[in-house]
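Letter by letter, the chains look like this.
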Amino acid sequence: MTNFPSKRKSSGIKQWDHVYTSSVQNAPSHHWLKIFGAGALKGMVVTLKNFVTSYFRKPDQGGIFTVQYPEERYPEIENYRNLPFLVYDGSPDKVRCVACGICERECPPKCIYITMETDVAGKPVRKPAVFDIDYAVCMNCGICEEVCPFDSIFMDHVFEIASPRRIDTGMIRHQEDLLKSSEYLQKIRPKTATMIDEKKRAAEEKKKAVVKPPQGPTV
Amino acid sequence: MTQVENRHPSETLEINFGPQHPSTHGVFRMQMLLDGEKICSLKPVLGYLHRNHEQIAENITYAASMAYTDRLDYLNAMTNNFAYAIAVEKLAGIEVPERAEYIRVIMAELARLVNHITVIGFLLNDMGAFFTPLLYAFREREKILDIFEEVSGSRMMCNYFRFGGVKRDLTTENLTAIMQIVRRFPAFLEEFEALLTKNEILCMRCQNVGILPANLAVNSSITGPVLRASGVNYDIRKVDGYSIYKRFDFRIPLGEKGDVYDRYFVRILEMRESLKILYQALNKIPQGEFLNKKTLPFLKMPRNFKPAVGEAYGRIESPKGELGFYLVSDGTPQPWRYHVRAPSLINLTVLEDICIGQKVADAIIILGSIDIVLGETDR
Amino acid sequence: MNMPPLLRDIEFAVDLSFVNAKGWILDLLSHIVPDWVVVFASIVISGVAILVLGPVIMMYLTLLERKLIGRIQNRYGPNRVGIWGLLQPIADGIKMFTKEDIVPVYADKVIHCLAPIVIVIPALMVFLVVPFGERMTAVNLNIGLLYFIAVSSITTIPIFMGSWGSRNKYSLLGGMRTAAQMISYEVPMTLSVVPVIMMSQSLSTNKIVLSQSGSYDMNWFIFTPWGIVGFIIFFLCAVAECNRPPFDLPEAESEIIAGFHTEYSGMKFALFYMAEYMNAFTLCGIAATLFLGGWQGPFLPSWIWFLGKTFVLICVMIWFRGTFPRFRVDQLMGFAWKFLLPLTLINILVAGLCHFISEKTGWIYSFIIFSISFWVLVRLNRPWMPEKRHYPLAN
């Protein structure tokens, strides 16, 4: 049970008590309100009230609720998800992504394209060579973030990505554009980032405690 | 088709309302034959927003379709998610924890509030009120969308429900914020009603316009507020009692004549009932799991989610009517058949019958009162 | 009025400042040019003043409307161009001028292009008889009111020209609606003016204003029983005449896109817009003249009184727009013919009655007559009256 602050206003809850009655009428309750034209005048009073209160009320109490966009901004919400980006630890060459390709497979509109890096001998390395996301196709569902087993792809808060060009819009983002530091993740989504860091630390401690035999790539 | 008595024979005018028209609520087209201002025949033309929804869903995993259901009825993604989640849970036999059920009901009822205020606002816009009711409605809608954004990450394309629960738990702050909305909403409804319900112009425009008789409504399988405005007591929340709706005390408002005014007023009353459900749910919500732990592996690997061979039909009372998902599984990660029973499309079938003989301006508000979203109609 | 002489002098000077300015210019001219040029110059000065005033009023009315409706809807309205958006109308004008002018292929090009020009001319011509202040009527016609009614009703023709010439079905519907609506509302509007003519015994707008002076210049016609009803009817008809909500059927954007100006773009569209707003201004001005005492009023200069009254009425028009949905076409016609028209006729009767009996008994009698006739008319118009409904709450 959640305990709510007990400022139970009489105007709030009691107003739907009458719903428990067996029927509701749309006709006016006061006698003088039955005059033709009274309903329209009542509507005009409502708009006049809103006109007056728009000058001194706060946005959430019936005042102006416009957010003057470029100057004012909506407070950022942590869980807000927009477009995916890749996380690296420390320096951009230490990408968390291992190019396993799960996000590529599970992405519903198929906007991700990954190839694995190979070393000089032609053996695959656990690192993406190409990691492209077509932002124009992405539908911001967040499934890539959910399925990623290595916590390397996350949904960004950036939304001002409009392009002035019609052809070659730059909406296909390559690996170097997508890479952002883990500090950035910590900044935009503190709760998620902290949770992941703790999980990692716990896993490392476990690793130290139990010495495992060396394993090959699991993918 | 009803025959219209033509006392003064004159030349008729064929006119195409839409697909680019300010008040067809998207890319919907009505081919009208007008005699003066009177409608002699009306043919709805659909399909301008067809996006292959069902075919796409048959080629991707069950979990990935959840994000696509947001795009059906884009005004209330939450209820679309709800219906799809119920269908898949039936198919795979997944249990839903108690707290998750409560969260689902809270979100669905908030979505109902959002939908109904928006629809009434747009109805008034169709009627010619210069955006005032619509913007008052949006003022309240924004507050609810803020909640959606906080819990799901997106204002409209929520993608919040998961098989066996929801994506994220509601925090105490979220619950308090929802409670605040529930407490303030009746005052807003009072204001909204003062502006509209008794307005003579609105009464003149809406009363006895577009009457949908109860037998026609039942015969053409109309559902939702449109059906209840015609006086038929049918609400899937009561009939099926899906999720945990049987635990709440609420009533079903019914209309008298089935005209545009009844559809408007039934929606207003339904919002009050939704507030009642919300209030009860917020007070009773228990602590516990928000997601069935057994489904966690499927969340990480959607491709491993392979329901047993079989079929299932899950339905809910969406704000627009009965929204159902019919799924057939053949044991693979993709559904073999995926069908959406879209209330917008089926409610639209009576449009011709109730528009004939009315004026052009009436056809617009009848369409507005039926409440369609083209994303769902054309899929 | 009892005022100190100095104050009165100042008020007089401010009051007549525009008149004096014109006289001063003419004086100056009379030294250097022959007399007939002075007469011509007098006409030109008045004409230019009106030609400048009309569009400027229109431009700032659009801003005022957007601001007020914005506040009604809990938003700011235009506030980006200049401080408080004061340069917004100019920006709009530049946009209109630089837009591509599109003429539909199958349009009747002559009529299509002529309509926006024709609609502006009567809208400007009406300004001639509007008394902006003491001695500030451009042409003091002795049939000013008749001229006003005649000229303002020409507006129907260009609107129908525009709708017919565009060869668009929505335009045609809008044009048909306009013709029906404007002609119907002309009748109660004209009849609601009749009591004013009866009482002031003149058709000249100046004389009508002067007949409303009296103690504190406050003997306005609206303070009489027939005046208040006449004013309400006149104002409603005025709203309908300039196609403003809730009577904006000719351009109902949710039904017939934009009605008669669907196919117009750029400056031609702006001219339609301009005519609409100038008509709104003049109709409010005439309503103020006829019933609210025109430029009469205590203490303040006459033109301030006139503009103040007019802008209050315009704000009410904007308030209507922010509140009401619009009528349907048959209800609109019914409202004019079955409700307003009988009421105006009764109003004329009441005005005659009031003229012959004392003020107090006049108020009582007219209240009784109006309530009975209102009740009877509401009863007779039963099919359109709001119904009482029951909504059962099933379990």
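For the structure itself, look to the data block above.
Residues numbered from 1 in each chain as written. Chains lettered and ligands numbered in written order. Predicted model: local features only at pLDDT ≥ 70, side-chain atom pairs only at ≥ 80, totals over all residues. Heavy atoms only, no water.

**Some details on the overall build of chain A**
Okay, so step 1: Looking only at helices and strands, one finds seven helices and seven strands in chain A.
Okay, so step 2: For chain A, the succession of helices and strands along the chain, N to C, is α-β-α-β-α-β-β-α-β-β-α-β-α-α.
Okay, so step 3: Here chain A holds 219 residues, and 41% of them are scored as buried.
Okay, so step 4: Across chain A, contacts joining residues at least 24 apart in sequence account for 66% of those joining residues at least 6 apart.
Okay, so step 5: With an accessible surface of roughly 13600 Å², chain A has 58% of that area assigned to carbon and sulfur atoms. (Helix = DSSP H or I, 4+ residues; strand = E, 2+ residues; numbered from the N terminus. Buried < 20%, exposed > 50% of the residue type's maximum accessible area, 1.4 Å probe, protein only. Contact = heavy atoms within 4.5 Å. Areas by Shrake-Rupley, 256 points an atom, 1.4 Å probe, with all protein chains shown as cover.)

**Comments concerning the sheet that holds strand 7 (residues 310-318) of chain B**
All names here are of chain B.
Okay, so step 1: With antiparallel pairing, three strands are arranged side by side in an open sheet as 7-8-9. On the outer flanks of this sheet lie strand 7 and strand 9 (335-341), each paired with one strand and no other. Going across the sheet, the axis of each strand differs from the next one's by a mean of 10°, ignoring polarity.
Okay, so step 2: By the bridge criterion, six bridges tie strand 8 (residues 321-329) to strand 9 in an arrangement that is antiparallel. Paired with Leu327 across the bridge in strand 9 is Tyr338.
Okay, so step 3: On top of the sheet, helix 2 (residues 62-69) reaches strand 8 and strand 9; it is set at about 155° to strand 8, its chief contact. (Pairing = 2+ DSSP bridges. Axes fitted to C-alpha atoms, helices over the stretch in contact; angles between N-to-C directions.)

**Observations regarding the packing of aromatic side chains**
Okay, so step 1: According to the stated counting rule, one finds 47 aromatic pairs over all chains in the structure shown.
Okay, so step 2: Summarising the aromatic geometry, the rings of Tyr245(B) and Phe250(B) are spaced 6.2 Å apart at their centres and angled 65° between planes, so their arrangement reads as edge-to-face. Across the pair, Phe250(B) and Tyr245(B) agree in class, each one buried.
Okay, so step 3: Ring geometry for Phe231(C) against Phe235(C): centres 6.0 Å apart, planes inclined by 20°, an arrangement best described as stacked. Taken together, the residues Phe231(C) and Phe235(C), both in helix 10 (residues 225-241) and four residues apart, mark about one turn of the helix.
Okay, so step 4: Here Phe231(C) falls in the buried class, since its relative accessible area comes to 12%. (Phe/Tyr/Trp six-rings, centres within 6.5 Å; stacked < 30°, edge-to-face > 60°.)

**Some points on unusual backbone geometry**
Okay, so step 1: Put simply, Pro245(C) and Pro246(C) share a cis peptide bond, and its omega is 0°.
Okay, so step 2: Note on placement: Pro246(C) falls in the loop between helix 10 and helix 11 (253-256).
Okay, so step 3: Positive phi outside glycine occurs at Asp151(A), with the angle close to 50°.
Okay, so step 4: Take Asp151(A): it is sitting in the loop between helix 4 (143-147) and strand 5 (153-155).
Okay, so step 5: A relative accessible area of 12% places Asp151(A) in the buried class.
Okay, so step 6: With a phi angle near 55°, Arg167(C) is a residue other than glycine that sits in the positive phi range.
Okay, so step 7: A relative accessible area of 59% means that Arg167(C) is categorised as exposed.

**Re the interface of chain B and chain A**
Okay, so step 1: Facing the 67 residues of chain B at the interface are 51 residues of chain A.
Okay, so step 2: Both sides of the chain B and chain A interface together cover about 5200 Å² of buried area, and 55% of this is carbon and sulfur.
Okay, so step 3: Where chain B touches chain A, the interface holds three salt bridges.
Okay, so step 4: Applying the counting rule to chain B against chain A returns 15 residue pairs in polar contact (both at pLDDT 80 or more).
Okay, so step 5: Among the elements that take part in the side of chain B that touches chain A, helix 6 (residues 172-196) of chain B stands out by supplying 14 residues, more than any other. (Buried area = accessible area lost by both parts, 1.4 Å probe. Salt bridge = Lys/Arg side-chain N within 4 Å of Asp/Glu carboxyl O. Polar contact = N/O pair within 3.5 Å; in protein donor to acceptor, adjacent residues only side chain to side chain.)

**Section: the sheet that holds strand 7 (residues 179-181) of chain A**
All names here are of chain A.
Okay, so step 1: Pairing is mixed across the open sheet formed by three strands, whose spatial order is 5-2-7. Lying at the two open borders of the sheet, with one neighbouring strand each, are strand 5 and strand 7. Ignoring strand direction, the axes of neighbouring strands in this sheet form an average angle of 50°.

**A few points about the packing of helix 2 (residues 38-53) of chain A against helix 3 (residues 35-72) of chain C**
Okay, so step 1: At a minimum axis separation of 7 Å, helix 2 of chain A and helix 3 of chain C run at an interaxial angle of 100°. On the basis of their axis angle, the class for helix 2 of chain A and helix 3 of chain C is roughly perpendicular. Between helix 2 of chain A and helix 3 of chain C, the residues in contact are Thr47(A), Asn50(A) and Phe51(A) and Leu68(C), Arg71(C) and Ile72(C), respectively.
Okay, so step 2: Considered class by class, the residues forming the contact of helix 2 of chain A with helix 3 of chain C number three nonpolar, two polar and one charged. (Parallel < 35°, antiparallel > 145°, perpendicular 65-115°, else oblique. Nonpolar A, V, L, I, M, F, W, Y, C, P; charged D, E, K, R; others polar.)

**Things to note about the interface of chain C and chain B**
Okay, so step 1: At the junction of the two partners, chain C supplies 36 residues and chain B supplies 56 residues.
Okay, so step 2: When the buried area of chain C at its contact with chain B is split by residue, Arg328(C), Arg389(C) and Tyr391(C) rank highest and sum to 16% of it.
Okay, so step 3: The interface formed by chain C and chain B contains three salt bridges.
Okay, so step 4: One salt bridge connects Arg205(B) with Glu255(C), and the closest N-O pair in it is separated by 3.9 Å.

Don't take any of this as a statement about function, it's just geometry.
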